[in-house]
Amino acid sequence: MNATGAVWRNWGRSEAVRPVRVERPASVGAVQRAVLAAAKSGLPVKAIGAGHSFTGIAVAPGVQLELSGLRGVLDHDVERHRVTLAAGTNLHQLPGLLAPLGLALPNMGDIDRQTIAGATSTGTHGTGGSFGGLATQIVGLSLVTANGELLHIGTNSAGVTANAELLPAARLGLGALGVIVDVTLQLVPTFVLQAVERPEPLYGVLANYLERSASKDHYEFYWFPHTESALTKTNTRLPADAALSPIPPIKRWVDDELVANGLYRVMCNLGKAVPSVIPRLSQLADKVTGTRDFTDFSPAVFVTNRTVRFREMEYALPREAVPAALCEVKSLIEKKGWRISFPLEVRSAAADDNWLSTAYGRDTGYIAVHRFFREDPEEYFRAVEQIMIAHAGRPHWGKMHYRDAASLRTVYPRFDDFLAVRDRLDPDRVFGNAYLRQVLGD
């Protein structure tokens, strides 16, 4: 136990809290004791991951559980491509842990700072019209409930199954059901990706979005406001023994660190000081974004290092609605005369059956909007959100939005089923906080 008095802040600097106390359990038993002690003292308890959610989902005003003591591979079955990981394992640690086993995550997002439990519990996803979010890779997990019980859900790497009916709720549980202490993932053999990145005219990209998101393994694009082109990224899956042609280290440093982080940080700060220059800076960024074609093992292609702080809102739409919705956002920016320095990102995911998944029951497209962390995003985000709501949008649970439980119930068919599981596992809201009251109700 550690009574610190220090203020915790998330990565995007959109949330901050001073917990009553911070605990760093190094075992499952210690997690159980911490939960019981919190409940006995009438304090809510929350596990935090890496702080990469932009919402208050991990804000812990009572007892904050920091799970970096629970990391690494706990068990594995290489034949069935299954691995059990401790909940505090960071995604960036997985290549080193999984490569010796000849295994890899089927899909990843472009940021790997999150913990595996935090990423899955908030609905983190990558892109690929035939691939689900990270939570769909979970076949089993272990959860410490409000009464201190260790509840096993689904199938572990030893093939033992229990409480499988709870898996669609617990895979993506928002931290509302308990503290996840381990997850068992269904992985795939190590594979290689060929990446092709190139700028293309925006309206041609929009016209081809549905076809490309369905036919390409992993497809996404970025559009800088105040420009008429988009940067497309297409990743094609290849076997592990495919010939590699990685980006040379010096070029990767220039592209990803010097330009994408260093120069871009300068541009964002300049745009904050002098907003009128943002359109010209965006057009410059559009021009310096060049074509790249390289081949490497999947984590080196999926992930990009991002050090420029920002705030983000992302909405999941029925995939066919994406082109029209993005055009509406473009028109909105032009009509309002806003100066937006960060690009919009468009991705896709397959339908899944996790009750609170943004892709539940429908093939999904994602539109993400961002603002530099030193800028106030509210006017922009609220206006964009209205466009997304009109297209039956669902907000990413870990990214900024303004929806409440009554609104969210209308777009999640199993919303009340999830609440029933919550009532069963945490009737006294030991794991509650202000964000969960907003999105789930009391």
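Going by the structure above, here's the rest.
Thresholds, definitions, all that
Residues numbered from 1 in each chain as written. Predicted model: local features only at pLDDT ≥ 70, side-chain atom pairs only at ≥ 80, totals over all residues. Heavy atoms only, no water. Pairing = 2+ DSSP bridges. Helix = DSSP H or I, 4+ residues; strand = E, 2+ residues; numbered from the N terminus. Contact = heavy atoms within 4.5 Å. Axes fitted to C-alpha atoms, helices over the stretch in contact; angles between N-to-C directions. 1 Å grid on protein atoms, 1.4 Å probe; cavity = no way out; pocket = protein on both sides within 12 Å on 5 of 7 lines; lining within 4 Å. Points joined across faces, edges and corners; volume = space filled by probe spheres on them. Nonpolar A, V, L, I, M, F, W, Y, C, P; charged D, E, K, R; others polar. Expected span 1.5 Å × (residues − 1). Buried < 20%, exposed > 50% of the residue type's maximum accessible area, 1.4 Å probe, protein only. Arc of directions from axis to C-beta.

Peer 1: Mind showing me how you'd approach the sheet that holds strand E11 (residues 161–162) here?
Peer 2: Strand pairs in the sheet, formed through backbone hydrogen bonds, run parallel or antiparallel to each other. Across the sheet, which stays open at both edges, the six strands sit in the order E6-E7-E12-E9-E10-E11 with antiparallel pairing between neighbours. Across the chains shown, the open sheet's two edge strands, defined by having one partner strand only, are strand E6 (73–77) and E11. Of the strand pairs in this sheet, strand E9 (residues 138–144) and strand E12 (residues 179–186) are connected by six bridges, and their pairing is antiparallel. Following the sheet pairing, Val144 is matched in E12 by Val179. Lying over the sheet, helix H1 (residues 28–41) contacts E9, strand E10 (150–155) and E12, oriented at roughly 140° with respect to E12.

Peer 1: Which parts of the structure should I look at to understand empty space enclosed by the protein?
Peer 2: Where empty space is left can be seen by rolling a probe of water-molecule size over the atoms. Tallied over the full model, the rule gives four cavities of 30 Å³ or more. Space inside the largest cavity adds up to approximately 210 Å³. Surrounding the largest cavity, 24 residues form its lining, Asp110, Glu220, Val301, Phe302 and Thr304 being those nearest its centre. If you list the elements that add at least two residues to the lining of the largest cavity, you get strand E15 (218–223), strand E16 (229–239), helix H6 (249–273), strand E17 (292–297), helix H8 (298–302) and strand E19 (344–349). Grouping the constituent residues of the lining of the largest cavity by class yields seven nonpolar, seven polar and 10 charged. Roughly 90 Å³ of internal volume is contained in the second largest cavity. Residue lining of the second largest cavity: 16 residues in total, with Gly123, Gly133, Leu172, Asp352 and Ser357 positioned closest to the centre. Across the lining of the second largest cavity, the residue classes tally to six nonpolar, nine polar and one charged.

Peer 1: How should I be thinking about H1 in this particular structure?
Peer 2: What sets the pattern is the α-helix's 3.6 residues per turn: residues three or four places apart point alike. With 14 residues, H1 ought to run about 20 Å at 1.5 Å a step, and its terminal C-alpha atoms sit 20 Å apart, in line with that. For H1, the full list of buried residues reads Ala30, Val31, Ala34, Val35 and Ala38. Down the axis, H1 shows its buried residues gathered within 135° of arc, on one side only. Away from its buried face, by an angle of more than 90 degrees, H1 presents the exposed residues Arg33 and Lys40. The secondary structure elements touched by the buried residues of H1 are strand E3 (21–23), strand E4 (45–48), strand E5 (63–66), E9 and E12. Two residues or fewer after H1 comes Gly42, characterised by a positive phi angle close to 75°.

Peer 1: What's the story with the sheet that holds E3 in this structure? I'm lost.
Peer 2: The sheet built from three strands is open, its strands ordered E3-E5-E4 with parallel pairing. Taken across any chain shown, the strands that pair with only one partner, and hence form the sheet edges, are E3 and E4. On average, each strand axis in the sheet is tilted by 25° relative to the strand beside it, whichever way the strands run. Relative to E5, E4 runs parallel, the two sharing four bridges. Bridge pairing in E5 places Ile48 opposite Glu66.

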